[in-house]
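An overview of the molecular structure
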There are 2 protein chains.
Amino acid sequence: IHEPQSQDSLLSLSVDSEGLQKQIDELSTLSETPAPSVTRILYSEKDVLARRFIKNLMGLSGLSVREDAVGNIFGRWDGDEPELAPVSTGSHIDAIPYSGKYDGVIGVLGAIEAINVLKRSGFKPKRSLEVIMFTSEEPTRFGISCLGSRLLAGSKELAELLKKTVDSQNISFFDAARFAGYANHLQDLTSVFLEKGSYSAFIELHIEQGPILEEEATSIGVVTAIAAPASIKVDFEGSGGHAGAVLMPMRNDAGLAAAELALAVEKFVLESGSIDTVGTVGILELHPGAINSIPSKSHLEIDTRDIDEKRRNVVIEKIHQSALSISENRGVKLSEFKIVNQDPPALSDDLITMAMESACQELNLTFRKMISRAYHDSLFMARISPMGMIFIPCYKGYSHKPEEFAAIEDIANGVRVLALTLAKLSLA
Amino acid sequence: IHEPQSQDSLLSLSVDSEGLQKQIDELSTLSETPAPSVTRILYSEKDVLARRFIKNLMGLSGLSVREDAVGNIFGRWDGDEPELAPVSTGSHIDAIPYSGKYDGVIGVLGAIEAINVLKRSGFKPKRSLEVIMFTSEEPTRFGISCLGSRLLAGSKELAELLKKTVDSQNISFFDAARFAGYANHLQDLTSVFLEKGSYSAFIELHIEQGPILEEEATSIGVVTAIAAPASIKVDFEGSGGHAGAVLMPMRNDAGLAAAELALAVEKFVLESGSIDTVGTVGILELHPGAINSIPSKSHLEIDTRDIDEKRRNVVIEKIHQSALSISENRGVKLSEFKIVNQDPPALSDDLITMAMESACQELNLTFRKMISRAYHDSLFMARISPMGMIFIPCYKGYSHKPEEFAAIEDIANGVRVLALTLAKLSLA
Ligand SMILES: [Mn+2]
Ligand SMILES: [Mn+2]
Ligand SMILES: [Mn+2]
Ligand SMILES: [Mn+2]
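The shown structure was predicted, so the numbers you read here are calculated from the model rather than taken from an experiment. (Residues numbered from 1 in each chain as written. Chains lettered and ligands numbered in written order. Predicted model: local features only at pLDDT ≥ 70, side-chain atom pairs only at ≥ 80, totals over all residues. Heavy atoms only, no water.)

Counting 103 residues, the largest nonpolar core has Ile54, Leu151, Phe173 and Ile411 of chain A as its most contacted members. In this view, Leu151 of chain A contacts Val70, Leu158, Ala159, Leu162, Leu189, Val192 and Phe193 of chain A; residues no more than four positions away in its chain are not counted. Ranked by size, the runner-up nonpolar core spans 102 residues in total, among them Ile112, Phe142, Ala201 and Val417 of chain B. (Core = buried A, V, L, I, M, F, W, Y, C linked by side-chain atoms within 4.5 Å. Buried < 20%, exposed > 50% of the residue type's maximum accessible area, 1.4 Å probe, protein only. Contact = heavy atoms within 4.5 Å.)

A few words on the pairing of strand S8 (residues 220–226) of chain A. Residue and element names in this part refer to chain A. With six of its seven residues buried, S8 lies for the most part within the structure. In this sheet, strand S14 (residues 367–372) lies alongside S8 in parallel orientation, the contact comprising six bridges. Within the sheet, the bridge partner assigned to Val223 lies in S14 and is Met370. With three bridges joining them, S8 and strand S15 (residues 387–392) adopt antiparallel strand pairing. (Helix = DSSP H or I, 4+ residues; strand = E, 2+ residues; numbered from the N terminus. Pairing = 2+ DSSP bridges.)

Residues and elements named next belong to chain A. The manganese ion (ligand 1) binds to the protein through Asp103 (OD), Glu138 (OE) and His400 (NE2); the donor distances cover 1.9 to 2.3 Å. If you list the donors of the manganese ion (ligand 1) from N- to C-terminus, the spacing comes out as D-x34-E-x261-H. Separating the manganese ion (ligand 1) from the manganese ion (ligand 2) is a gap of 3.6 Å, bridged by Asp103, which donates to each. Placement of the pair is Glu138 in the loop between strand S6 (129–134) and helix H5 (147–152) and His400 in the loop between S15 and helix H13 (408–427), with a sequence separation of 262 residues. (Donors = N, O, S within 2.8 Å, 3.2 Å for Na, K, Ca; no water.)

All names here are of chain A. If you trace the four strands from one edge of the open sheet to the other, you get S10-S11-S9-S12, paired in antiparallel fashion. With partners counted over all chains shown, the strands left at the sheet margins are strand S10 (278–287) and strand S12 (333–342), one partner each. Sheet twist, expressed as the mean angle between neighbouring strand axes with direction ignored, is 15 degrees. In this sheet, strand S11 (residues 297–306) lies alongside S10 in antiparallel orientation, the contact comprising nine bridges. If you follow Gly279 over to S11, its bridge partner there is Thr304. Packed onto the sheet, helix H10 (residues 309–330) meets strand S9 (228–237), S11 and S12 and runs at close to 170 degrees relative to S12. (Axes fitted to C-alpha atoms, helices over the stretch in contact; angles between N-to-C directions.)

A few words on the coordination of the manganese ion (ligand 4). Residues and elements named next belong to chain B. At this site the manganese ion (ligand 4) is bound by His92 (NE2), Asp103 (OD) and His206 (NE2), with donor distances of 2.0 to 2.3 Å. The sequence pattern describing where the donors of the manganese ion (ligand 4) fall on their chain is H-x10-D-x102-H. Separating the manganese ion (ligand 4) from the manganese ion (ligand 3) is a gap of 3.6 Å, bridged by Asp103, which donates to each. Of this pair, Asp103 sits in the loop between strand S5 (95–99) and helix H4 (105–120) while His206 sits in strand S7 (residues 201–207), placing them 103 residues apart in sequence. Residue Asp103 shares its accessibility class with His206, and that shared class is buried.

Rotating chain A by 180 degrees and moving it 0.1 Å along the rotation axis overlays it on chain B with an RMSD of 0.1 Å. Accordingly, the operation relating the two chain copies is best matched by a two-fold axis. Across chain A, the smallest distance between a C-alpha and the rotation axis is recorded for Ala259 of chain A, namely 2.2 Å. Same-surface contact between copies: 100% of interface residues of chain A are shared with the interface of chain B. (Least-squares fit on C-alpha atoms with pLDDT ≥ 70 in both.)

So, on to the sheet that holds strand S11 (residues 297–306) of chain B. Residues and elements named next belong to chain B. One open sheet holds the four strands; their spatial order is S10-S11-S9-S12, and the pairing between them is antiparallel. Of all strands in the sheet, those with a lone pairing partner are strand S10 (278–287) and strand S12 (333–342), marking the two edges. With direction set aside, neighbouring strand axes in the sheet form an average angle of 15 degrees. Here strand S9 (residues 228–237) pairs with S11 via ten bridges, running antiparallel. Its bridge partner being in S11, Pro229 is matched across the sheet by Arg305. Contacts from helix H10 (residues 309–330) reach S9, S11 and S12, with the element oriented near 170 degrees to S12.

On the chain B side, the residues contacting the 58 residues of chain A number 58 residues. Both sides of the chain A and chain B interface together cover about 5000 Å² of buried area, and 66% of this is carbon and sulfur. Looking at the side of chain A facing chain B, the largest losses of area belong to His242, Met248 and Ile291 of chain A, adding up to 14% of the total buried there. When the shortest N-O distance is used, the salt bridge between Arg330 of chain B and Glu266 of chain A registers 2.8 Å. Summed over the shared surface of chain A and chain B, the result is 14 residue pairs in polar contact (both at pLDDT 80 or more). Of all the elements in the fold, those that place two or more residues in the side of chain A that touches chain B are strand S5 (95–99), helix H9 (254–271), S10 and S11 of chain A. At nine residues, the largest contribution of residues to the side of chain A that touches chain B is made by S10 of chain A. (Buried area = accessible area lost by both parts, 1.4 Å probe. Salt bridge = Lys/Arg side-chain N within 4 Å of Asp/Glu carboxyl O. Polar contact = N/O pair within 3.5 Å; in protein donor to acceptor, adjacent residues only side chain to side chain.)

Here you go:
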């Protein structure tokens, strides 16, 4: 790897930690629920305000800003050889209901600060550098995770699916996007697709969302692979009726079917015998949802992940068999069992992880290789670009709840590693 | 029992079935959900329209209309001896989400039609006759069943509780009542209380909400007792977190705690060995309710009933023990276990059931004595008045769902029995 003089100055340059913390705090106030929780749903008013905040920061950092038809936001710093594929970095700023202020956010604000670090150092990029804010990494509104990065990676299925996708309020994806100022002139989302090779590298800075780095007091995690997530939607339909009048033998309780399946998910995950297999029922809804009414319908959404795709798929198959037998035993109809996505895992690019490890060494930061158990936009960017991820420690591994926390010193370390890695890759 | 000539003319008089069916159909259109479902929530716009509809019908029948501070509506036909305690009849018109159009409704519209039958026959009441439409028999909005009749029966606890009761949107009971035009000048609901002895009898006409009358092809059920209902609210609190990142042994999943308890309720009810014991989890809610978030909180509402109060209370105690042990085993906090109500059963008055049986015989209608497994406003009216209930058959025993149905011929039979019983009791 080419090592120009300008990199040495990077080692001494420090991150504007105070400014970065202020930005994190300010962004967290653009929330639909009160502090300390953060809720920022795709294309909501708060999301629109947050997007304006990000574009403004990109502009202040001298980046040229572009948005695509679904609101992926790109801020580019042109390199000396702008015809070469740029190096990109980024993450998301949407937040699931009642979550925290670091997930995704530090990979966007931290990326912009990494650009600032490089600019202040007098660094001149050879390959252009690009900061990306991805649209809807979280599946909250339309049930589709990594919506923006999946489309960037060229998912034709998703471009088709979005034509008929509505949220729980029956608002179409396109109407929601138009509310936020996107997708104005088209129903065709193939304009969002990027060709393979559009970037020479993609890097995402993120909190670990697990306890390892904090427990070991290690500064940086160099991610070697991202676990394979799958999500499943299940609907049961029973006969409902009056909670007082319908005797127990006459019941076909769709709610109890859902309860059984939720516990079965846990059982099958534990049966795998692997610590890396996880499964969660995060959504379980009953209809009509009245204390004196037997549930006539139930809806579950199941998330299951593993670093071993085959093992994860065994769990999915057991869940399916269980749903079928519960349906039969309870006389309820299994009206839907839909595997919404079943993505393969992604491996990091060796040259990128090597660049990250060098950066850690040069910055005198402790690091370790590790696996990402959460998925990220990086999982999809890996389809069109060599990919790598930088993890930083977070408090007790907490994420997706208000207690989520990362110390600004750890964030600043992550930004320095990101800046130095971007510099290395820009010159490569 | 005194048998004046005027009663003979009642035997020949027929109900205006066509008009009554039209009223039932019209009232069902005042719904927040599309037909065939009916949803009419306390103090909503549709509820206000439905109340206007009822008061208008009462006026057309020549009744003098009065409303109390919570919107119980009374329509009185003065008897020849208005100083005597009147005979009353009535039911409710609120409807839980996605339910049907007969539950409660036939006991209000049918009562008004019974008055019409008596008027057309030339009958002159001795005791005044009163039709009552009770406020919020269903617990939908504020979690309190039989709100109006509990207050009429003098529940000081409820009058106190309502001062601090809010709905799921955090709208206070009093603000909601004011929206509907009630409770304007006071926070003191003791004005609603009726003294014991205010009525010489109270009778409620209702669909069976069970399959027995239809299966046996019996026209009328004479209710001898109402099963004792209890309702319980449970909250679990776990630690939540990211569905990908938190490994299974680190979890304290409040959703799985709820699922376990729901299945335990079913188990304990079946363990009672009695066909008359029922238990239902009609509400099970997860927080934050995102597919990639481990539930950090869960909320259940449990309904359990029996005609044997002791046996029901054994089930409640088992549910409580189970909630405690689930809490311990899963490391989740049992932050609430609240028995919202645990009402004793009510027995019908012998003189009233005898009057009903005579009426059935005189009208040549088949009848049988039976128990009400559903609770009704009658359960609370029994605290201040001798009480009786008339059941009519309904399709497959269905209730609390759109498929709920009663044939107009069966409804008309119920109205005739009600009219004749009211006449007998008015003269008694
Ligand atoms: Mn997330
Ligand atoms: Mn994230
Ligand atoms: Mn009901
Ligand atoms: Mn009812």
